[in-house]
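# Structure at a glance
Residue-level listing of the chains:
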Amino acid sequence: MHRTVIHLNEADPAKIQAVLQNTSNLFTALGEEGLQAELVAHGPGITVTTATLAGAFTGPLDDLMSRGLVVCACRNTMTAKGLSSTDLLEGVTIVDSGVAHLVTRQGQGWSYLRP
Amino acid sequence: MHRTVIHLNEADPAKIQAVLQNTSNLFTALGEEGLQAELVAHGPGITVTTATLAGAFTGPLDDLMSRGLVVCACRNTMTAKGLSSTDLLEGVTIVDSGVAHLVTRQGQGWSYLRP
Amino acid sequence: MHRTVIHLNEADPAKIQAVLQNTSNLFTALGEEGLQAELVAHGPGITVTTATLAGAFTGPLDDLMSRGLVVCACRNTMTAKGLSSTDLLEGVTIVDSGVAHLVTRQGQGWSYLRP
(Lines give C-alpha, C1' and ligand atoms only; values in the text may rest on other atoms or scores of the structure.)
Protein backbone atom coordinates (compact mmCIF):
# COMPACT_ATOMS: atom_id res chain seq x y z
CA MET A 1 0.00 0.00 0.00
CA HIS A 2 1.36 3.43 -1.01
CA ARG A 3 0.46 6.36 1.21
CA THR A 4 1.09 10.00 0.41
CA VAL A 5 0.12 13.49 1.43
CA ILE A 6 -0.16 16.11 -1.30
CA HIS A 7 0.58 19.67 -0.23
CA LEU A 8 -1.49 22.47 -1.77
CA ASN A 9 -0.98 26.04 -0.56
CA GLU A 10 -1.63 28.00 -3.74
CA ALA A 11 -4.84 29.41 -5.20
CA ASP A 12 -3.73 29.81 -8.82
CA PRO A 13 -6.31 27.90 -10.92
CA ALA A 14 -3.64 26.54 -13.29
CA LYS A 15 -1.73 25.17 -10.29
CA ILE A 16 -4.86 23.64 -8.78
CA GLN A 17 -5.76 22.03 -12.09
CA ALA A 18 -2.26 20.56 -12.37
CA VAL A 19 -2.36 19.22 -8.80
CA LEU A 20 -5.72 17.53 -9.38
CA GLN A 21 -4.47 16.03 -12.66
CA ASN A 22 -1.34 14.78 -10.87
CA THR A 23 -3.52 13.21 -8.21
CA SER A 24 -5.70 11.53 -10.81
CA ASN A 25 -2.61 10.15 -12.55
CA LEU A 26 -1.34 8.90 -9.20
CA PHE A 27 -4.52 6.87 -8.57
CA THR A 28 -4.36 5.52 -12.12
CA ALA A 29 -0.70 4.51 -11.80
CA LEU A 30 -0.88 2.95 -8.35
CA GLY A 31 -4.50 1.80 -8.36
CA GLU A 32 -7.36 2.84 -6.09
CA GLU A 33 -6.72 -0.29 -4.01
CA GLY A 34 -3.01 0.45 -3.72
CA LEU A 35 -3.03 4.11 -2.69
CA GLN A 36 -4.07 6.13 0.33
CA ALA A 37 -3.78 9.83 -0.52
CA GLU A 38 -4.67 13.01 1.29
CA LEU A 39 -4.75 16.44 -0.32
CA VAL A 40 -3.85 18.94 2.42
CA ALA A 41 -5.04 22.45 1.60
CA HIS A 42 -4.02 25.47 3.65
CA GLY A 43 -3.25 29.14 3.17
CA PRO A 44 -4.40 30.35 -0.25
CA GLY A 45 -4.83 26.68 -1.22
CA ILE A 46 -7.91 26.48 1.02
CA THR A 47 -10.05 27.78 -1.84
CA VAL A 48 -10.23 24.34 -3.37
CA THR A 49 -12.12 23.05 -0.32
CA THR A 50 -14.83 25.71 -0.18
CA ALA A 51 -18.20 25.36 -1.87
CA THR A 52 -18.26 28.94 -3.14
CA LEU A 53 -14.69 29.03 -4.46
CA ALA A 54 -13.94 25.54 -5.74
CA GLY A 55 -16.06 26.31 -8.80
CA ALA A 56 -14.96 24.33 -11.84
CA PHE A 57 -12.90 22.05 -9.59
CA THR A 58 -15.91 20.64 -7.76
CA GLY A 59 -16.51 17.92 -10.35
CA PRO A 60 -12.87 16.72 -10.50
CA LEU A 61 -12.69 16.82 -6.68
CA ASP A 62 -15.85 14.76 -6.30
CA ASP A 63 -14.43 12.26 -8.76
CA LEU A 64 -11.14 12.04 -6.86
CA MET A 65 -12.94 11.64 -3.53
CA SER A 66 -14.96 8.80 -5.04
CA ARG A 67 -11.63 7.16 -5.95
CA GLY A 68 -10.50 7.44 -2.31
CA LEU A 69 -8.82 10.84 -2.03
CA VAL A 70 -9.27 12.50 1.36
CA VAL A 71 -9.39 16.29 1.07
CA CYS A 72 -8.21 18.07 4.23
CA ALA A 73 -8.90 21.73 5.04
CA CYS A 74 -6.68 23.50 7.59
CA ARG A 75 -8.66 24.86 10.55
CA ASN A 76 -6.04 27.57 11.20
CA THR A 77 -6.62 28.90 7.70
CA MET A 78 -10.39 28.61 8.03
CA THR A 79 -10.26 30.67 11.22
CA ALA A 80 -8.02 33.28 9.61
CA LYS A 81 -10.40 33.57 6.66
CA GLY A 82 -13.62 33.40 8.67
CA LEU A 83 -14.72 30.10 7.12
CA SER A 84 -16.87 27.58 8.95
CA SER A 85 -17.48 23.91 8.25
CA THR A 86 -20.69 24.80 6.40
CA ASP A 87 -18.58 26.66 3.82
CA LEU A 88 -16.76 23.47 2.83
CA LEU A 89 -17.55 21.11 0.01
CA GLU A 90 -19.37 17.98 1.11
CA GLY A 91 -16.94 15.28 2.12
CA VAL A 92 -14.03 17.58 3.04
CA THR A 93 -12.27 16.74 6.31
CA ILE A 94 -10.98 19.40 8.72
CA VAL A 95 -7.51 19.07 10.29
CA ASP A 96 -6.37 21.36 13.11
CA SER A 97 -3.23 22.49 11.29
CA GLY A 98 -2.36 21.68 7.69
CA VAL A 99 1.41 21.83 8.20
CA ALA A 100 1.24 19.80 11.42
CA HIS A 101 -0.82 17.18 9.59
CA LEU A 102 1.81 17.00 6.84
CA VAL A 103 4.54 16.45 9.43
CA THR A 104 2.51 13.93 11.41
CA ARG A 105 1.69 11.82 8.37
CA GLN A 106 5.32 11.70 7.28
CA GLY A 107 6.20 10.55 10.79
CA GLN A 108 3.74 7.70 10.22
CA GLY A 109 5.62 6.68 7.07
CA TRP A 110 3.63 8.55 4.45
CA SER A 111 5.37 10.09 1.42
CA TYR A 112 5.13 13.78 0.61
CA LEU A 113 4.41 15.50 -2.68
CA ARG A 114 4.41 19.22 -3.30
CA PRO A 115 3.49 19.58 -6.98
CA MET B 1 8.95 13.97 19.17
CA HIS B 2 8.22 15.38 15.71
CA ARG B 3 11.18 16.50 13.62
CA THR B 4 11.00 18.42 10.37
CA VAL B 5 13.07 20.47 8.00
CA ILE B 6 11.40 23.43 6.30
CA HIS B 7 12.76 24.32 2.88
CA LEU B 8 12.97 28.01 1.93
CA ASN B 9 14.59 28.99 -1.37
CA GLU B 10 12.53 32.07 -2.29
CA ALA B 11 13.02 35.73 -1.44
CA ASP B 12 9.47 36.95 -2.07
CA PRO B 13 8.39 38.71 1.15
CA ALA B 14 4.84 37.31 0.96
CA LYS B 15 6.27 33.80 0.69
CA ILE B 16 8.66 34.38 3.59
CA GLN B 17 5.84 35.75 5.73
CA ALA B 18 3.71 32.69 4.93
CA VAL B 19 6.56 30.28 5.73
CA LEU B 20 7.19 31.95 9.09
CA GLN B 21 3.46 31.89 9.88
CA ASN B 22 3.34 28.20 8.94
CA THR B 23 6.29 27.53 11.21
CA SER B 24 4.64 29.39 14.09
CA ASN B 25 1.44 27.37 13.58
CA LEU B 26 3.51 24.20 13.56
CA PHE B 27 5.02 24.97 16.98
CA THR B 28 1.57 25.87 18.31
CA ALA B 29 0.00 22.65 17.01
CA LEU B 30 2.74 20.24 18.04
CA GLY B 31 4.11 22.10 21.07
CA GLU B 32 7.58 23.51 21.65
CA GLU B 33 8.43 20.37 23.63
CA GLY B 34 7.17 18.11 20.87
CA LEU B 35 8.86 19.58 17.83
CA GLN B 36 12.38 19.91 16.49
CA ALA B 37 12.33 22.13 13.42
CA GLU B 38 15.00 23.57 11.17
CA LEU B 39 14.38 26.27 8.57
CA VAL B 40 16.90 25.66 5.78
CA ALA B 41 17.48 28.78 3.69
CA HIS B 42 19.45 28.71 0.46
CA GLY B 43 19.52 30.41 -2.93
CA PRO B 44 17.32 33.53 -2.93
CA GLY B 45 15.87 32.32 0.39
CA ILE B 46 19.15 33.21 2.12
CA THR B 47 17.91 36.79 2.56
CA VAL B 48 15.92 35.80 5.61
CA THR B 49 19.11 34.90 7.46
CA THR B 50 21.04 38.12 6.84
CA ALA B 51 20.99 41.06 9.21
CA THR B 52 20.71 43.66 6.46
CA LEU B 53 18.00 41.92 4.44
CA ALA B 54 15.78 40.13 6.97
CA GLY B 55 14.23 43.48 7.85
CA ALA B 56 10.67 43.15 9.11
CA PHE B 57 11.21 39.41 9.58
CA THR B 58 13.85 39.80 12.28
CA GLY B 59 11.28 40.01 15.08
CA PRO B 60 9.27 36.96 13.98
CA LEU B 61 12.50 35.01 13.42
CA ASP B 62 13.80 35.88 16.88
CA ASP B 63 10.47 34.76 18.32
CA LEU B 64 10.61 31.46 16.44
CA MET B 65 14.22 30.84 17.48
CA SER B 66 13.19 31.42 21.10
CA ARG B 67 10.56 28.70 20.60
CA GLY B 68 13.24 26.30 19.38
CA LEU B 69 13.50 26.86 15.64
CA VAL B 70 17.00 26.40 14.23
CA VAL B 71 17.62 28.68 11.25
CA CYS B 72 20.23 27.29 8.83
CA ALA B 73 22.02 29.34 6.17
CA CYS B 74 23.65 27.54 3.23
CA ARG B 75 27.40 28.18 2.97
CA ASN B 76 27.38 27.54 -0.79
CA THR B 77 24.89 30.37 -1.21
CA MET B 78 26.80 32.62 1.19
CA THR B 79 29.96 32.09 -0.87
CA ALA B 80 28.14 32.77 -4.13
CA LYS B 81 26.71 36.00 -2.73
CA GLY B 82 29.86 37.12 -0.91
CA LEU B 83 28.28 36.85 2.55
CA SER B 84 30.28 36.06 5.66
CA SER B 85 29.13 34.83 9.06
CA THR B 86 29.15 38.41 10.35
CA ASP B 87 26.39 39.24 7.86
CA LEU B 88 24.02 36.75 9.48
CA LEU B 89 21.40 37.40 12.13
CA GLU B 90 22.50 36.41 15.62
CA GLY B 91 21.68 32.79 16.30
CA VAL B 92 21.69 31.60 12.69
CA THR B 93 23.55 28.33 12.05
CA ILE B 94 25.66 27.70 8.93
CA VAL B 95 25.39 24.39 7.05
CA ASP B 96 27.82 23.47 4.26
CA SER B 97 25.07 22.83 1.72
CA GLY B 98 21.39 23.55 2.20
CA VAL B 99 20.18 20.81 -0.15
CA ALA B 100 22.60 18.24 1.29
CA HIS B 101 21.36 19.13 4.78
CA LEU B 102 17.75 18.58 3.68
CA VAL B 103 18.65 15.15 2.30
CA THR B 104 20.73 14.20 5.33
CA ARG B 105 18.01 15.11 7.81
CA GLN B 106 15.42 13.09 5.90
CA GLY B 107 17.82 10.15 5.99
CA GLN B 108 17.81 10.57 9.79
CA GLY B 109 14.01 10.28 9.83
CA TRP B 110 13.01 13.93 9.71
CA SER B 111 9.96 15.06 7.76
CA TYR B 112 10.18 17.62 4.95
CA LEU B 113 8.02 20.66 4.28
CA ARG B 114 8.30 22.97 1.32
CA PRO B 115 5.59 25.57 1.92
CA MET C 1 24.60 6.03 0.88
CA HIS C 2 22.23 8.98 0.47
CA ARG C 3 19.34 8.58 -1.95
CA THR C 4 17.02 11.34 -3.11
CA VAL C 5 14.48 12.19 -5.75
CA ILE C 6 14.40 15.77 -7.01
CA HIS C 7 11.02 17.00 -8.22
CA LEU C 8 10.91 19.32 -11.24
CA ASN C 9 7.55 20.37 -12.67
CA GLU C 10 8.34 23.89 -13.88
CA ALA C 11 9.67 25.13 -17.23
CA ASP C 12 10.99 28.53 -16.11
CA PRO C 13 14.66 28.63 -17.23
CA ALA C 14 15.77 30.40 -14.03
CA LYS C 15 14.11 27.65 -11.96
CA ILE C 16 15.68 24.91 -14.08
CA GLN C 17 19.10 26.53 -13.77
CA ALA C 18 18.70 26.71 -9.98
CA VAL C 19 17.58 23.08 -9.74
CA LEU C 20 20.58 21.89 -11.78
CA GLN C 21 22.93 24.02 -9.66
CA ASN C 22 21.36 22.57 -6.49
CA THR C 23 21.86 19.08 -7.87
CA SER C 24 25.49 19.81 -8.69
CA ASN C 25 26.04 21.15 -5.16
CA LEU C 26 24.41 18.03 -3.77
CA PHE C 27 26.85 15.74 -5.59
CA THR C 28 29.76 17.92 -4.47
CA ALA C 29 28.62 17.90 -0.83
CA LEU C 30 27.76 14.21 -0.54
CA GLY C 31 30.19 12.80 -3.13
CA GLU C 32 29.44 10.90 -6.33
CA GLU C 33 30.09 7.66 -4.44
CA GLY C 34 27.76 8.64 -1.61
CA LEU C 35 24.70 9.78 -3.50
CA GLN C 36 22.03 8.20 -5.67
CA ALA C 37 19.87 10.95 -7.16
CA GLU C 38 17.04 11.00 -9.66
CA LEU C 39 15.65 14.16 -11.25
CA VAL C 40 11.98 13.48 -11.95
CA ALA C 41 10.59 15.81 -14.62
CA HIS C 42 6.90 16.00 -15.42
CA GLY C 43 4.30 18.54 -16.50
CA PRO C 44 5.96 21.73 -17.76
CA GLY C 45 9.22 20.42 -16.26
CA ILE C 46 9.45 17.83 -19.03
CA THR C 47 11.17 20.39 -21.27
CA VAL C 48 14.49 19.72 -19.60
CA THR C 49 14.45 16.14 -20.88
CA THR C 50 13.77 16.87 -24.55
CA ALA C 51 16.49 17.33 -27.14
CA THR C 52 14.81 20.28 -28.83
CA LEU C 53 13.91 22.18 -25.65
CA ALA C 54 16.69 21.50 -23.16
CA GLY C 55 18.91 23.92 -25.09
CA ALA C 56 21.50 25.55 -22.87
CA PHE C 57 20.85 22.94 -20.18
CA THR C 58 22.09 20.03 -22.28
CA GLY C 59 25.71 20.52 -21.23
CA PRO C 60 24.99 20.78 -17.48
CA LEU C 61 22.62 17.79 -17.71
CA ASP C 62 25.24 15.68 -19.49
CA ASP C 63 27.73 16.65 -16.80
CA LEU C 64 25.30 15.69 -14.03
CA MET C 65 24.45 12.38 -15.70
CA SER C 66 28.17 11.62 -15.92
CA ARG C 67 28.32 12.19 -12.15
CA GLY C 68 25.53 9.65 -11.64
CA LEU C 69 22.30 11.62 -11.89
CA VAL C 70 19.41 9.67 -13.39
CA VAL C 71 17.04 11.94 -15.33
CA CYS C 72 13.48 10.60 -15.47
CA ALA C 73 10.82 11.78 -17.94
CA CYS C 74 7.15 11.14 -17.12
CA ARG C 75 5.39 9.05 -19.78
CA ASN C 76 2.00 10.56 -18.90
CA THR C 77 3.37 14.00 -19.73
CA MET C 78 5.08 12.73 -22.88
CA THR C 79 1.76 11.30 -24.08
CA ALA C 80 -0.10 14.52 -23.27
CA LYS C 81 2.46 16.54 -25.21
CA GLY C 82 2.88 14.12 -28.09
CA LEU C 83 6.52 13.35 -27.30
CA SER C 84 8.16 10.02 -28.09
CA SER C 85 11.33 8.46 -26.74
CA THR C 86 13.24 9.76 -29.78
CA ASP C 87 12.49 13.32 -28.63
CA LEU C 88 14.42 12.79 -25.40
CA LEU C 89 18.03 13.63 -24.66
CA GLU C 90 20.34 10.64 -24.81
CA GLY C 91 20.51 8.91 -21.47
CA VAL C 92 17.12 10.02 -20.17
CA THR C 93 15.01 7.29 -18.54
CA ILE C 94 11.22 7.06 -18.95
CA VAL C 95 8.99 6.36 -15.93
CA ASP C 96 5.29 5.58 -16.34
CA SER C 97 4.17 8.35 -13.99
CA GLY C 98 6.40 11.02 -12.50
CA VAL C 99 4.31 11.51 -9.36
CA ALA C 100 3.91 7.76 -8.81
CA HIS C 101 7.68 7.38 -9.14
CA LEU C 102 8.22 10.09 -6.51
CA VAL C 103 5.88 8.28 -4.11
CA THR C 104 7.36 4.86 -4.82
CA ARG C 105 10.93 6.01 -4.24
CA GLN C 106 10.01 7.62 -0.92
CA GLY C 107 8.36 4.33 0.07
CA GLN C 108 11.75 2.71 -0.63
CA GLY C 109 13.44 5.13 1.80
CA TRP C 110 14.55 7.84 -0.57
CA SER C 111 14.47 11.50 0.46
CA TYR C 112 12.51 14.12 -1.47
CA LEU C 113 13.56 17.57 -2.63
CA ARG C 114 11.37 20.08 -4.39
CA PRO C 115 13.68 23.05 -5.01
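Above this text you will find the structure in question.
Computed from a predicted model, the values in this text were never measured in an experiment. (Residues numbered from 1 in each chain as written. Chains lettered and ligands numbered in written order. Predicted model: local features only at pLDDT ≥ 70, side-chain atom pairs only at ≥ 80, totals over all residues. Heavy atoms only, no water.)

### A word on the overall build of chain A
In plain terms, the rule: Secondary structure elements are defined from DSSP: runs of H or I of at least 4 residues count as helices, runs of E of at least 2 residues count as strands, and each element is numbered from the N terminus. Throughout, the radius of gyration refers to the C-alpha atoms, and the reference size of a globule is 2.2 Å times the residue count to the power 0.38. The rule is simple: take the accessible area with a 1.4 Å probe, protein chains only, and divide by the maximum for that residue type; under 20% is buried, over 50% is exposed, in between is partly exposed. Contact criterion: two residues are considered in contact whenever any of their non-hydrogen atoms come within 4.5 Å of each other. The method behind every accessible area is Shrake-Rupley, applied with a 1.4 Å probe, and residues are considered shielded solely by the protein chains displayed. The charge count includes Lys and Arg as positive and Asp and Glu as negative, but it does not include His or the ends of the chains. All charge positions are set by atom: Lys at NZ, Arg at CZ, Asp at CG, Glu at CD.
When its secondary structure is counted, chain A shows four helices and five strands. At 13 Å, chain A has a C-alpha radius of gyration in line with the 13 Å of a compact globule built from 115 residues. Expressed as lengths along the three principal axes of its C-alpha atoms, the size of chain A is roughly 35 × 30 × 20 Å. Looking at chain A as a whole, 56% of its 115 residues are labelled buried. By sequence separation, contacts in chain A at least 24 residues apart represent 71% of the contacts at least 6 residues apart. Carbon and sulfur atoms provide 49% of the accessible area of chain A, an area that totals close to 4,700 Å². Between the averaged position of the 7 positive side-chain charges in chain A and that of its 10 negative side-chain charges there is a distance of 8 Å.

### Things to note about the relation of the copies chain A and chain C
For these two chain copies, the linking operation is a rotation about an axis paired with a shift along it. Here is the rule we go by: The copies were overlaid with a least-squares fit restricted to C-alpha atoms from residues scoring a pLDDT of at least 70 in each copy.
In screw terms, the move from chain A to chain C is a rotation of 120 degrees and a rise of 0.0 Å along the axis, fitting with an RMSD of 0.0 Å. Both copies of the chain, as the preceding transformation shows, are related through a three-fold rotation axis. In terms of C-alpha distance to the rotation axis, chain A has A:R114 as its closest residue, with the C-alpha 4.1 Å off the axis. Interface overlap between copies is the fraction of interface residues in one copy that are interface residues in the other; for chain A against chain C it is only 15%, indicating separate surfaces.

### Considerations on the sheet that holds strand β1 (residues 2–8) of chain C
Threshold: Paired strands are those between which DSSP finds at least two bridges. Here, axes are lines fitted to C-alpha atoms. For helices the fit covers the stretch in contact, and angles between N-to-C directions go from 0 to 180 degrees.
Ordered by their spatial adjacency, five strands build an open sheet running β4-β3-β2-β1-β5 (chain C), and the pairing between neighbours is parallel. Only two strands of the sheet have a single partner each, and these edge strands are β4 (93–95) and β5 (111–113) of chain C. For this sheet the average axis-to-axis angle between neighbouring strands, irrespective of direction, equals 30 degrees. With four bridges joining them, strand β2 (residues 35–41) of chain C and strand β3 (residues 70–74) of chain C adopt parallel strand pairing. By the bridge assignment, C:E38 is partnered in β3(C) with C:V70. On top of the sheet, helix α4 (residues 98–107) of chain B reaches β1 and β5 of chain C; it is set at about 150 degrees to β5(C), its chief contact. Against the sheet, helix α5 (residues 98–107) of chain C touches β1, β2, β3, β4 and β5 of chain C, its axis set at about 155 degrees to β2(C).

### Quick notes on the packing of helix α1 (residues 13–30) of chain B against helix α2 (residues 58–66) of chain B
Residue and element names in this part refer to chain B. The following threshold applies: With respect to orientation, any angle under 35 degrees is reported as roughly parallel, any angle over 145 as roughly antiparallel, any angle of 65 to 115 as roughly perpendicular, and every other angle as oblique. Rotating anticlockwise by less than a right angle from the far helix to the near helix defines a left-handed crossing, while the corresponding clockwise rotation defines a right-handed one.
Where α1 contacts α2, the two axes come as close as 11 Å, and the packing angle between them is 25 degrees. Classified by the angle their axes make, α1 and α2 are roughly parallel. Of the two possible hands of crossing, α1 and α2 adopt the one that is left-handed. Where α1 approaches α2, its residues L20, T23, S24 and F27 are matched on the opposing element by P60, L61 and L64.

### Things to note about the pairing of strand β2 (residues 35–41) of chain A
Residues and elements named next belong to chain A. Using the following cut-off: A clockwise course of the path from the first strand over the helix to the second, judged with the strands pointing away from the viewer, identifies a crossover as right-handed.
Burial runs high along β2: six of the seven residues are buried. Sheet topology places strand β1 (residues 2–8) next to β2; seven bridges connect them, and they run parallel. Within β2, the position partnered with V5 by the bridge is E38. Read from β1 through helix α1 (residues 13–30) to β2, the crossover connection turns out right-handed. After leaving β2, the chain enters helix α2 (residues 58–66) and then returns to the sheet as strand β3 (residues 70–74), a path that is right-handed.

### Focus: the sheet that holds β1(A)
Residues and elements named next belong to chain A. Strand order in the open sheet formed by five strands is β4-β3-β2-β1-β5, with parallel pairing between adjacent strands. Only two strands of the sheet have a single neighbouring strand rather than two, namely β4 (93–95) and β5 (111–113). In this sheet, adjacent strand axes meet at a mean angle of 30 degrees when their direction is disregarded. Against the sheet, α1 makes contact with β1, β2 and β5, and its axis sits at roughly 175 degrees relative to β1, the strand it touches most.

### Comments concerning the interface of chain A and chain C
Quite often, the size of an interface is put as the accessible area lost when its parts meet. What counts is decided by this rule: The quantity reported as buried area is the accessible area (1.4 Å probe) lost by two parts once they are put together, taken as the sum for both. Polar contact criterion, stated in full: a pair of N or O atoms within 3.5 Å, where within protein one must be able to donate a hydrogen and the other to accept it, and residues adjacent in sequence count only if both atoms are side-chain atoms. The classification used treats Ala, Val, Leu, Ile, Met, Phe, Trp, Tyr, Cys and Pro as nonpolar, Asp, Glu, Lys and Arg as charged, and all other residues, Gly among them, as polar.
Contacts between chain A and chain C engage 13 residues on the former and 14 residues on the latter. The junction of chain A with chain C conceals about 1,100 Å² of combined surface from both sides, 63% of it contributed by carbon and sulfur atoms. Counting every contact that joins chain A to chain C gives five residue pairs in polar contact (both at pLDDT 80 or more). Looking at which element gives the most residues to the side of chain A that touches chain C, the answer is α1(A), with six residues. Of the residues contributing to the side of chain A that touches chain C, the split by class is six nonpolar, five polar and two charged.

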